Amino acid sequence: MEVGAEGFAQRLPRLRRLILRAAFVALDMEFTGLHSTSLQNNEPSLFDSPAERYMKARQSVQRFTLVQLGLAIFSKENSNKYVVHSYNFFLFPSTLGIRDVEFTLSASSIQFLSHYGFDYNKFLKDGIPYMNEVQEKILKQRLLAGTWKVCSTSNADRDVLKKAIDEVTSWIAAAKEEDTMILQDLNGYHMIEVQLVLRQALENVWTEPLEDKKVMVKKVSPEHRQLLENSPYDHCQKKLILLSARGFTNLFQILVKVKKPLVGHNMLMDLMHLHDKFYRPLPESYEEFKRNIHNLFPVIIDTKTVTKSVQKKCLFPRVSSLLEAYAVLCSSNLNPKGPPCPVIALASGCSRYAEKKSPHEAGYDAFLCGSVLLMSAHLLLCRSTDDAVEAEPSFSQYLTVLAEHVNKVNFIRGGVSSINFSGEDSPCRHPPALVVHVRGWPGLTERQIYQEFKAHGRFDVRRLSKNQFILLSNKYKQLVLRDYRHHPHLQVSVYRHWRHSPSVNCLLQISGIVALWSLLAFVLGGARSC
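Residues numbered from 1 in each chain as written. Predicted model: local features only at pLDDT ≥ 70, side-chain atom pairs only at ≥ 80, totals over all residues. Heavy atoms only, no water.

A few words on the pattern of salt bridges. Close approach of charged atoms allows side chains of opposite charge to pair. This model, assessed by the stated rule, comprises 16 salt bridges. When the shortest N-O distance is used, the salt bridge between Glu178 and Lys218 registers 3.6 Å. Here Lys218 lies in strand 7 (residues 214-219) and Glu178 lies in the loop between helix 6 (155-172) and strand 5 (180-183), a separation of 40 residues in the sequence. The residue Arg225 makes a salt bridge to Glu229 at a minimum N-O spacing of 2.8 Å. Pair noted here: Arg225 and Glu229 are both in helix 8 (residues 222-229), with a separation of four residues, about one helical turn. Among the residues examined, Glu229 registers a relative accessible area of 35% and is labelled partly exposed. Where salt bridges share partners, they join Asp48, Arg53 and Lys56 into one cluster. (Salt bridge = Lys/Arg side-chain N within 4 Å of Asp/Glu carboxyl O. Helix = DSSP H or I, 4+ residues; strand = E, 2+ residues; numbered from the N terminus. Buried < 20%, exposed > 50% of the residue type's maximum accessible area, 1.4 Å probe, protein only.)

Moving on, we come to helix 7 (residues 190-201). In this model helix 7 runs 16 Å from its N-terminal to its C-terminal C-alpha over 12 residues, within 8% of the 16 Å that 1.5 Å per residue would give. Within helix 7 the residues assigned to the buried category are His190, Met191, Ile192, Glu193, Val194, Gln195, Leu196, Leu198 and Arg199. (Expected span 1.5 Å × (residues − 1).)

With the rule as written, the count across this model stands at 26 aromatic pairs. The interplanar angle of 50° and the centroid separation of 5.8 Å between the aromatic rings of Tyr54 and Tyr286 together place this pair among those described as tilted. You can see Tyr54 sitting in helix 2 (residues 50-63) and its partner Tyr286 sitting in helix 12 (residues 286-296), a full 232 residues away along the chain. Measuring from centroid to centroid gives 5.4 Å for Phe248 and Phe278, while their planes differ by 45°, and the two rings are tilted. Residue Phe248 is found in the loop between helix 9 (238-246) and helix 10 (249-258), and its partner Phe278 is found in helix 11 (residues 268-279); the two are separated by 30 residues along the sequence. (Phe/Tyr/Trp six-rings, centres within 6.5 Å; stacked < 30°, edge-to-face > 60°.)

Next up, the structure:
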């Protein structure tokens, strides 16, 4: 089910009820970009520690924004069955009362989403607003002080406001008290903007929103206007304006309040955007970010770390994507002796995904994510014991068998396999490294070394000294050692810390100097005594 700004407020109460009775919620996001190429040394690298990767990703998250967020709400029924309500939310930054939001578009990301049918008109024209706590505080202050403003800068927005104001000012001159007129074809924020602008400009008008994108304007006396402003039925009360401007953040706060297990796939960037866009701007401290996320969502499960475990413990083929993992789990009989996996059924109104694959649509990927979790957990539960497994295992039993993966988020290409959001990360362990010694090729850069070796695999490069570079790759390449054995300028060998580390070499040199001076002092001292 697709949800935009126009219908979001009406669906919010039902979404709250569904989340309250859910076993867990799966999430996926689509962005305007992933890694900013305009920032130097911002690409993920095998050399990265979790804290270093966080600082790189933080800069990208601050530049890009969300275009779509998918939620799949999994509810367990009485039988061995889970019903899924899957939603696509189109999102667009709030433009009411706060500083105009700027974000970057990555050409490759836009092209990628367009290839999979993403509708950018829905993102731009009907995106649900959102804001974080800092932005909300600013809006509250401006509403209380009466200094709010609308950040609508497009000609289309200005034309809508101008047309409405012109119609009302032309009409009101000849109108009598209690006369009314109707403004039509107002979408989204225009419903609020027009009312606020008119009320601020004219002290003898009153406005009320109607159905079908209409606003009723009434001519009233200033005294009557004051009574109406104090009425609890005023749709332009500051708290209602704030509720509307907060938009999707209202749903985020429901998720935080109910503390249901949150499931994702390779979800580090998802969690960072959740923090930055709906909670608070990302802190500089990596550890503070981890603590905040754990406080918001005490139970996080990344299906990428779960499927890695399934691949090791079961006869499960290696897969490279969420869709492949889902297809293998659905088609393979990996558990012939145990009870069947729970039935996963899409709710009425959300059944499109049962008929058609929609990869890289956030709601579909969220549905896949939750389904992969249930099937993987069931498989691990059946393999974890020799005793017979209940015909209808509870979700708490699945959580028990998944305990080692809870709050462990997959870490792509780095020094650790996962980030631990409920404790300390494991020590960094890099794959075997190669060291390249350069001779007779002055001025060689990391980029040139990368270009030289990229035909042999994906290497990350870091300068070790003036004439030495370290190469790291997930796949150790013996071919590199062989092919560069007789190279005229590049000598490649296996990295040995005691031999190649500048700090070790420096220590050895200092030790050698100290030893030499000690020997010299001993010899000279002995010569004097003679």
